[in-house]
Amino acid sequence: GLPWARDWLPLLMGPERDVSGPDPEKNKYWTSVYPWEAVVPMTVLVETVYGLDFSQALVPALFWFSDDDQVVRPDKTHKVAEAWGAPATVELVTMGPEDDPMSHVIAGRLMSPDQTEPTVNGILAWLKTQGIE
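Residues numbered from 1 in each chain as written. Predicted model: local features only at pLDDT ≥ 70, side-chain atom pairs only at ≥ 80, totals over all residues. Heavy atoms only, no water.

Draft legend 1. Spatial organisation of the packing of aromatic side chains. Overall, the coordinates contain 2 aromatic pairs when judged by the stated rule. On the numbers, 5.8 Å between centres and 20° between planes, the contact of Phe54 with Trp84 is stacked. Placement of the pair is Phe54 in the loop between α3 (39-50) and β3 (61-65) and Trp84 in the loop between α4 (74-83) and β4 (88-92), with a sequence separation of 30 residues. The buried category is assigned to Phe54, whose relative accessible area is 14%. The exposure class of Trp84 is partly exposed, given its relative accessible area of 22%. Ring centres 5.7 Å apart and planes at 80° place the aromatic pair Phe63 and Trp84 in the edge-to-face group. Remark: Trp84 occurs in the loop between α4 and β4 and Phe63 occurs in strand β3; sequence separation between them is 21 residues. Assessed through its relative accessible area of 13%, Phe63 is described here as buried. Members of the aromatic cluster, each reached through a chain of ring pairs, are Phe54, Phe63 and Trp84. (Phe/Tyr/Trp six-rings, centres within 6.5 Å; stacked < 30°, edge-to-face > 60°. Helix = DSSP H or I, 4+ residues; strand = E, 2+ residues; numbered from the N terminus. Buried < 20%, exposed > 50% of the residue type's maximum accessible area, 1.4 Å probe, protein only.)

Here you go:
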């Protein structure tokens with residue numbers, strides 16, 4: 001983990017992380033400013049999840065992500081999907097020029113508008129293969 005991160009991150013980086021940008025609509029509807037101490041529980045959660053035994057999963061899963069994701073590690077997402085105990089489907093997304101430059105937010109009008117329709121259609125099609133309509 002990050003020992004003492006709740007204490008030293010704010011001292012080193014300031015009290016908040018600000019990832020706001022030039023688009024006022026994104027700044028309005030996206031959480032772009034948050035305290036650094038919020039990073040600590042997220043880091044612990046990610047480490048905890050990666051340590052789980054996914055071979056015991058009983059529910060089918062759809063993993064819809066980009067191998068170019070710069071926020072999380074796609075290699076670990078692949079490992080989770082491979083270890084999944086129930087049927088797992090992996091759908092890799094190729095992001096376009098109007099989509100999230102970090103290739104992390106896969107759909108949505110604000111971050112990846114060109115991916116929204118294919119993502120919704122793909123998820124609905126996957127649900128049909130699972131007998132859910």
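Draft legend 2. Focus on the nonpolar core. By size, the foremost hydrophobic cluster in this structure holds 6 residues: Phe54, Ala61, Phe63, Phe65, Val80 and Ala81. Mapped onto this core, the elements with two or more residues apiece are β3 and α4. Of the residues forming this core, the biggest block, 3 residues, is contributed by β3. When near neighbours in sequence (up to four residues on either side) are disregarded, Ala61 contacts Trp84, Pro87, Ala88, Thr89 and Trp126. (Core = buried A, V, L, I, M, F, W, Y, C linked by side-chain atoms within 4.5 Å. Contact = heavy atoms within 4.5 Å.)

Draft legend 3. Looking closely at the pattern of salt bridges. Overall, the coordinates contain 2 salt bridges when judged by the stated rule. With a closest N to O distance of 3.0 Å, Arg109 and Glu25 form a salt bridge. Placement of Arg109 in the loop between β4 and α5 (113-129) and of Glu25 in helix α2 (residues 24-29) is noted, with a sequence separation of 84 residues between them. On the basis of relative accessibility, which here comes to 32%, the residue Glu25 falls in the partly exposed class. Among the ionic pairs, Asp75 bridges to Arg73, the shortest N-O distance being 2.7 Å. Given a relative accessible area of 34%, Asp75 falls into the partly exposed group. Take Arg73: its relative accessible area is 45%, and that puts it in the partly exposed class. (Salt bridge = Lys/Arg side-chain N within 4 Å of Asp/Glu carboxyl O.)

Draft legend 4. How the structure looks around the pairing of β3. Burial along β3 is one-sided: the face carrying Ala61, Phe63 and Phe65 is buried and the face carrying Leu62 and Trp64 is not. Sheet topology note: the β3/β4 ladder contains 5 bridges and is parallel. Across the sheet, residue Ala61 finds its bridge partner in β4, namely Ala88. Handedness of the β3-α4-β4 crossover: right-handed. (Pairing = 2+ DSSP bridges. Right-handed = clockwise from strand over helix to strand, strands pointing away.)

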